[in-house]
Amino acid sequence: MKPAPFDYVRAFSVDEAVGLLSDGTDSKVIAGGQSLVPLLAMRLARPERVVDINFLQDLPHLHREGGHLVVGALVRQRQVELSNEVSSVPLLSLALPFIGHRELRNRGTVVGSLAHADPSAELPAIAALLRATMFVMGPEGSRELNALDFMVGPFQTRLRQDELITAVSFPVRADGDGYGFEEVSRRRGDFALVGSAAWVHLSQGGVDRAEAALFGVGATPVVVDLTRHLSGFGESDLTTAVLEPSREVAQGLEPLGDQHGSSGYRRRLAEVLLARSLAWAYQDARRSS
Ligand SMILES: Cc1cc2nc3c(=O)[nH]c(=O)nc-3n(C[C@H](O)[C@H](O)[C@H](O)COP(=O)(O)OP(=O)(O)OC[C@H]3O[C@@H](n4cnc5c(N)ncnc54)[C@H](O)[C@@H]3O)c2cc1C
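Residues numbered from 1 in each chain as written. Predicted model: local features only at pLDDT ≥ 70, side-chain atom pairs only at ≥ 80, totals over all residues. Heavy atoms only, no water.

Peer 1: Requested: an account of the overall build of the protein, with residues and values cited.
Peer 2: Counting its regular elements, the protein contains eleven helices and 14 strands. Against the compact-globule benchmark of 19 Å for 289 residues, the protein has a radius of gyration of 19 Å, which places it among compact chains. Out of the 289 residues in the protein, the part that is buried amounts to 52%. Long-range contacts, defined here as pairs at least 24 residues apart, represent 63% of the contacts in the protein between residues at least 6 apart. Of the roughly 13,500 Å² of accessible surface on the protein, 49% is carried by carbon and sulfur atoms. Each charge sign in the protein was given a centre, from 29 positive and 35 negative side chains, and these centres are 6 Å apart. (Helix = DSSP H or I, 4+ residues; strand = E, 2+ residues; numbered from the N terminus. Rg over C-alpha atoms; globule rule 2.2 N^0.38 Å. Buried < 20%, exposed > 50% of the residue type's maximum accessible area, 1.4 Å probe, protein only. Contact = heavy atoms within 4.5 Å. Areas by Shrake-Rupley, 256 points an atom, 1.4 Å probe, with all protein chains shown as cover. Lys, Arg positive; Asp, Glu negative; His and termini not counted. Charge placed at Lys NZ, Arg CZ, Asp CG, Glu CD.)

Peer 1: Give a description of the domain arrangement of the protein that names residues and reports values.
Peer 2: One can read the domain layout of the protein as domain 1 (7-52), domain 2 (63-171) and domain 3 (177-288). Its C-alpha centre places domain 1 at a distance of 36 Å from the equivalent point of domain 3. (Domains from an automatic or database assignment.)

Peer 1: Outline the sheet that holds strand E11 (residues 177-184), listing residues and values.
Peer 2: Here four strands make up an open sheet; going across it, the order is E11-E12-E13-E14 and the pairing antiparallel. Looking at strand neighbours, the two that pair on one side only are E11 and strand E14 (222-225), the edges of this open sheet. Direction aside, neighbouring strands of the sheet carry axes that sit 15° apart on average. Packed on one face of the sheet, helix H7 (residues 122-129) meets E11, strand E12 (194-203), strand E13 (206-215) and E14 and runs near 150° to E13. (Pairing = 2+ DSSP bridges. Axes fitted to C-alpha atoms, helices over the stretch in contact; angles between N-to-C directions.)

Peer 1: Account for the site of the ligand, with residues named and values stated.
Peer 2: Around the ligand, the surrounding shell holds 31 residues, and the nearest of these are Val-29, Ala-31, Gly-33, Leu-36 and Thr-109. Within the backbone of Gly-32, a nitrogen or oxygen atom sits 2.9 Å from an oxygen atom of the ligand. At a separation of 2.8 Å, an oxygen atom of the ligand approaches a polar backbone atom of Gln-34. Listed by contribution, the elements that provide at least two residues to the shell around the ligand are strand E2 (27-30), helix H6 (110-116) and strand E10 (164-171). Of all the elements, H6 adds the most residues to the shell around the ligand, at five residues. Among the residues making up the shell around the ligand, the classes are represented as 16 nonpolar, twelve polar and three charged. (Near = heavy atom within 4 Å. Polar contact = N/O pair within 3.5 Å; in protein donor to acceptor, adjacent residues only side chain to side chain. Nonpolar A, V, L, I, M, F, W, Y, C, P; charged D, E, K, R; others polar.)

Peer 1: Talk me through the packing of aromatic side chains; I want residue IDs and the actual numbers.
Peer 2: Ring pairs (aromatic) are described by centroid distance and by the angle formed between their planes. For the structure shown, the criterion picks out four aromatic pairs. Considering the side-chain rings of Tyr-179 and Trp-199, the 6.3 Å spacing of their centres and the 25° angle between planes classify their relative orientation as stacked. On the criterion of sequence distance, the pair formed by Tyr-179 in strand E11 and Trp-199 in strand E12 is long-range, its members being 20 residues apart. Taking relative accessible area as the criterion, Trp-199 reaches 10% and is therefore assigned buried. Members of the aromatic cluster, connected to one another through ring pairs, are Phe-98, Phe-181 and Phe-215. The residue whose ring lies beneath Arg-188 is Phe-98, and the NZ or CZ to ring-centre distance is 4.7 Å. Positioned above the aromatic ring of Trp-199 is the side chain of Arg-209, whose terminal nitrogen or guanidinium carbon lies 3.8 Å from the ring centre. (Phe/Tyr/Trp six-rings, centres within 6.5 Å; stacked < 30°, edge-to-face > 60°. Lys NZ or Arg CZ within 6 Å of the ring centre and 35° of its normal.)

Peer 1: Please provide a residue-by-residue account of the environment of Asp-258, values included.
Peer 2: Among the secondary structure elements, Asp-258 is positioned in the loop between helix H10 (243-251) and helix H11 (263-288). With 65 residues separating them in the primary sequence, Asp-258 and Leu-193 have C-alpha atoms 9.9 Å apart.

Peer 1: Let's hear about the nonpolar core: which residues, and what values?
Peer 2: Core analysis: the largest hydrophobic core is formed by 52 residues, its most contacted members being Leu-56, Val-71, Val-80, Leu-92, Met-134, Val-168 and Phe-170. Contacts of Val-168, omitting those with residues within four sequence positions, involve Leu-69, Val-70, Val-71, Val-110, Val-111, Leu-114, Ala-132, Thr-133, Met-134 and Phe-135. Listed in part, the 28 residues of the second largest apolar core include Val-200, Val-207, Leu-238 and Leu-274. (Core = buried A, V, L, I, M, F, W, Y, C linked by side-chain atoms within 4.5 Å.)

Peer 1: Which residues make up the sheet that holds strand E3 (residues 49-52), and what values do they have?
Peer 2: Spatially, the three strands line up as an open sheet ordered E1-E3-E2, and their pairing is parallel. Pairing within the sheet leaves two strands with one partner each, and these edge strands are strand E1 (7-10) and E2. Direction aside, neighbouring strands of the sheet carry axes that sit 25° apart on average. Pairing analysis gives four bridges linking E2 to E3, with the strands arranged parallel. Its bridge partner being in E3, Val-29 is matched across the sheet by Val-51.

Right, here's the structure in full:
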């Protein structure tokens, strides 16, 4: 299929882009185009106008700022993956290679993935788990949104139609932090059937944070806090201790089944991947503390 007709406009500054998004024409931003172009081609999106932000001159680059890694709206997924800075946010290093294929990541942006809000995508789950901050510009000025509650449904976010995300900032690893990431897909490069990103923090040898974000199991990433279940355990018994709470979490999920995997299969995957990612995160935290 071919897209329905639309006007194509290049913006050269954030203000110009926001002006175009808020002038009453049904407009869609295009960044890497890796999600929008297929939607246009399938006529699942039929905007009157596409606003190309690839020529914006005033967006932040990829850089460290205090305890955060700031990723501007035009920073490609592959650019982050290959950067020196990526090691400061280990979940990005772990997850980015799982997103599609290298060619796709050469164009696709980190911010575009967050804006697109696919419930099976890796980056919205990681951003939610880490409480990343989204920097947004609209006709009334700028505002910040917490990634934890940014997604409100499949392909739905708190972003208004006349707003542009200019950047996202992820907190960098602190002493005692550890991370784990696990996903299962039918073939390498496919969207995950189910995945889990985990974050454990150790203080004086004990677990004082054990959280995970599951994706592919619901309308939005599901962030769970298992700290109270794991706080009393040490290295020898934690791998066992994660099993029961992971089973409980999975039983409470209602993933949709499809031709790639039944609801029950996905629930079972969630249980196993949650336990594994937490165990990896614990071991990683031991190394970093
Ligand atoms: C074959 C294939 C496999 C894929 N596999 C995976 C996968 O395994 N995991 C995964 O997570 N993703 C996957 N993707 C999606 C990919 O990660 C996209 O790159 C990403 O979802 C969108 O980034 P983009 O820069 O291309 O955004 P675009 O396609 O340009 O835009 C996507 C949406 O976000 C909006 N948008 C973009 N930037 C902004 C902004 N700054 N402010 C406001 N709105 C904005 C657009 O209006 C549009 O609605 C796959 C895509 C394809 C085609």
